Amino acid sequence: RLAKERAHRDRVVAADEAYLKQYTQSFIDDILAMKRFENMNSEVGDKRFLSSLAFTESGRHVVTGSWSGRVRVWSLPDPSMVAELTGHTDRVTDVACNRGDLIASCSADSTVRLWRPDLLAADRTAGQAHGDKKQKKKKHKVKKENAMDETDDGEGEEAFDDNDDDDDDADFGMSKTLPLSTLRGHKDRCSRLAFHPDGTHLFSTSFDHTIRMWNCETAQCLSVQRMHSTA
């Protein structure tokens, strides 16, 4: 019996040592991978703690929320503040961006606010024009290749300018924007936000133990679900 117990203990110890060795090696690999990352740019986002961050759909801007109550929009890749969204009266706890030009933020002031800065609308229009241009180029290229396949002497070949894909970013400058809508209903500080993939519905969570679903177009609360007994 003692021999069986000793053998069982040895197997457990060996398994633990193998797991620990594997875990340690994985941790070392992660550290080495992180060392290969380079800091491209750095910017002071606020005088107080930054609590949240979200990229816009185009990737040309990043939105930050701070304990100062400020929501700020920064241009990329060289970070410079292009808009400040003012309205929250307590620290911002989360920010989110939908697939269009809408920004949502929630705060310890128990409100959810929606924003639509002009610069993001212009950015979206520029992105759509850029995508249309690329699509036209693709169709043009296919048409040219088909014409070349039909003619051995190269007749029908058309000029193809690779530089058509260049797109100049607009210089918007810093602006202050008031909220498009203020969504009220939570009884305690809000904690997190998430847009539905359709971009027109927003979900918020709060320390009042509820999840609320909002219609971003009408600013109405569509549903309240009490999910947890604690925050």
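So, a few notes on the structure that sits alongside this text. (Residues numbered from 1 in each chain as written. Predicted model: local features only at pLDDT ≥ 70, side-chain atom pairs only at ≥ 80, totals over all residues. Heavy atoms only, no water.)

In terms of helices and strands, the protein chain carries two helices and 13 strands. Counting all 231 residues of the protein chain, 31% fall into the buried class. As presented, the protein chain carries roughly 15,600 Å² of accessible surface, and 50% of it is formed by carbon and sulfur atoms. (Helix = DSSP H or I, 4+ residues; strand = E, 2+ residues; numbered from the N terminus. Buried < 20%, exposed > 50% of the residue type's maximum accessible area, 1.4 Å probe, protein only. Areas by Shrake-Rupley, 256 points an atom, 1.4 Å probe, with all protein chains shown as cover.)

One open sheet holds the four strands; their spatial order is β5-β6-β7-β9, and the pairing between them is antiparallel. Bordering the open sheet on either side are β5 (92-97) and β9 (181-183), each of which pairs with just one other strand. Mean inter-strand twist for the sheet, computed between neighbouring axes without regard to direction, equals 20°. (Pairing = 2+ DSSP bridges. Axes fitted to C-alpha atoms, helices over the stretch in contact; angles between N-to-C directions.)

This part takes up the pattern of salt bridges. For the coordinates displayed, the defined rule picks out six salt bridges. Across the pair Arg-72 and Glu-84 runs a salt bridge whose closest N-O atoms are separated by 2.9 Å. Of this pair, Arg-72 sits in strand β3 (residues 71-75) while Glu-84 sits in strand β4 (residues 80-85), and the two are twelve residues apart along the sequence. With respect to burial, Arg-72 and Glu-84 carry one shared label: buried. Put simply, Asp-90 and Arg-91 hold a salt bridge, and the shortest N to O gap is 3.7 Å. Through salt bridges with shared partners, a single network forms among Asp-46, Arg-70, Arg-72 and Glu-84. (Salt bridge = Lys/Arg side-chain N within 4 Å of Asp/Glu carboxyl O.)

Glancing now at the sheet that holds strand β11 (residues 201-206). Here we have four strands laid out as an open sheet, ordered β10-β11-β12-β13, and antiparallel in their pairing. Each edge of the open sheet is held by one strand with a lone partner, namely β10 (190-195) and β13 (220-226). Pairs of neighbouring strands in the sheet enclose a mean axial angle of 20°, with direction left out of account. Pairing between β11 and strand β12 (residues 210-215): five bridges, direction antiparallel. In the strand pairing of β12, Thr-205 is matched with Ile-211.

Take Val-82: it is sitting in strand β4. With a relative accessible area of 8%, Val-82 lands in the buried category. Expressed as a C-alpha distance, the spacing of Val-82 and Arg-72, which sit ten residues apart in the sequence, is 7.8 Å.

For the largest pocket, the calculated volume is near 310 Å³. Along the wall of the largest pocket there are 15 residues; nearest its centre are Glu-43, Leu-53, Val-62, Leu-76 and Pro-79. Contributions of two or more residues to the lining of the largest pocket are made by β1 (50-55) and β2 (61-66). The dominant element in the lining of the largest pocket, judged by the number of residues it contributes, is β1, at three residues. In terms of residue class, the lining of the largest pocket is made up of nine nonpolar, five polar and one charged. (1 Å grid on protein atoms, 1.4 Å probe; cavity = no way out; pocket = protein on both sides within 12 Å on 5 of 7 lines; lining within 4 Å. Points joined across faces, edges and corners; volume = space filled by probe spheres on them. Nonpolar A, V, L, I, M, F, W, Y, C, P; charged D, E, K, R; others polar.)

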